Each structure stands twice: as C-alpha cells, then as structure tokens.
Amino acid sequence: MSERFFTPEQLSVSDEVMIEALKTRGLEDAETKEMMMRWSRAEEEKMNRENTPMVNAMAGIQLVFRQVDIYRRAGHLEAARVALEDAREAAYGMNDDQLIARVEALMDWVESAG
C-alpha cells in the first residue's frame, strides 16, 4: 500500500490545499479526487441546510464558479471548461440572462486561455 500524500485534516480542505494538490498530483490522483469530492459535498450540504431551493440553485452555480477558479489557478483549464458547461446548463434552466452572460464570458476566457 502506498503512503498517503495528504493528511486526513487536509482532506477537509481549503481552496489553497486543493490548488496545490491539483498542481502537484493532478486531476487523476485518487486522493485529489477524494479531496475535491469531500469539498463539493461539504459545500452542497452547507447550502442545503442554509437556503431555499431557488437560493440553492444560485449557490450551486456560485460553487461551480469557485471550482472553476480552483481549476484555473491550478492550470487545469479543461476541467474548468467542463465545470462551466454544467453551470451554463443550470443558468439556462433558471432562465437568468445575466447569469448566462457571466457563465459564457467565463467560458470564452477559459477557451482563449487554453
């Protein structure tokens, strides 16, 4: 069995720890994936406890924006693009023109940066 790269405390993580993990271990690393999933679940659980369904939908898109920022700062632009595709679909489902424009502007930026 291999030695764990991250401590259990780091698996409930800050954005900076995730960025470092993505930079050093990559998207395909099992511990990095576990860390991202734990972070996402914790953020989603927090949203569900604190908000109404409509607020949760908007908060979910904001969560995707945070994920995109993490991927971008770690140099994983393709992962950022994929996350934004999900946000775009949600924004269209909410029929929010301003949000759609924001998502598409971020998508354009990711496309031009890649």
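Computed from a predicted model, the values in this text were never measured in an experiment.

(A) Structural context of the packing of helix α4 (residues 77-94) against helix α5 (residues 97-113). With their axes 9 Å apart at the nearest point, α4 and α5 run at an angle of 165 degrees to one another. Here α4 is positioned roughly antiparallel relative to α5, judged by the angle of their axes. Of the two elements, α4 crosses α5, and the hand of that crossing is left-handed. For the pair α4 and α5, the contacting residues are Leu77, Ala80, Arg81, Leu84, Glu85, Ala87, Arg88, Ala91, Tyr92 and Met94 in the first and Leu99, Ile100, Val103, Glu104, Leu106, Met107, Val110, Glu111 and Ala113 in the second. Along the lines of polarity and charge, the residues of the contact of α4 with α5 split into 14 nonpolar, no polar and five charged.

(B) Inspection of the environment of Arg72 at higher detail. For Arg72, the location among the structural elements is in helix α3 (residues 53-74). Sequence separation between Arg72 and Ile19 is 53 residues, and the spatial gap between their C-alpha atoms is 8.9 Å. Excluding residues that lie within four positions of it along the chain, Arg72 makes contacts with Leu77 and Trp109. Within the structure, Arg72 has its side chain in polar contact with the side chain of Asp69 (distance 2.7 Å).

Cut-off values and rules
Residues numbered from 1 in each chain as written. Predicted model: local features only at pLDDT ≥ 70, side-chain atom pairs only at ≥ 80, totals over all residues. Heavy atoms only, no water. Axes fitted to C-alpha atoms, helices over the stretch in contact; angles between N-to-C directions. Helix = DSSP H or I, 4+ residues; strand = E, 2+ residues; numbered from the N terminus. Parallel < 35°, antiparallel > 145°, perpendicular 65-115°, else oblique. Left-handed = near helix turned anticlockwise from the far one by under 90°. Contact = heavy atoms within 4.5 Å. Nonpolar A, V, L, I, M, F, W, Y, C, P; charged D, E, K, R; others polar. Polar contact = N/O pair within 3.5 Å; in protein donor to acceptor, adjacent residues only side chain to side chain.

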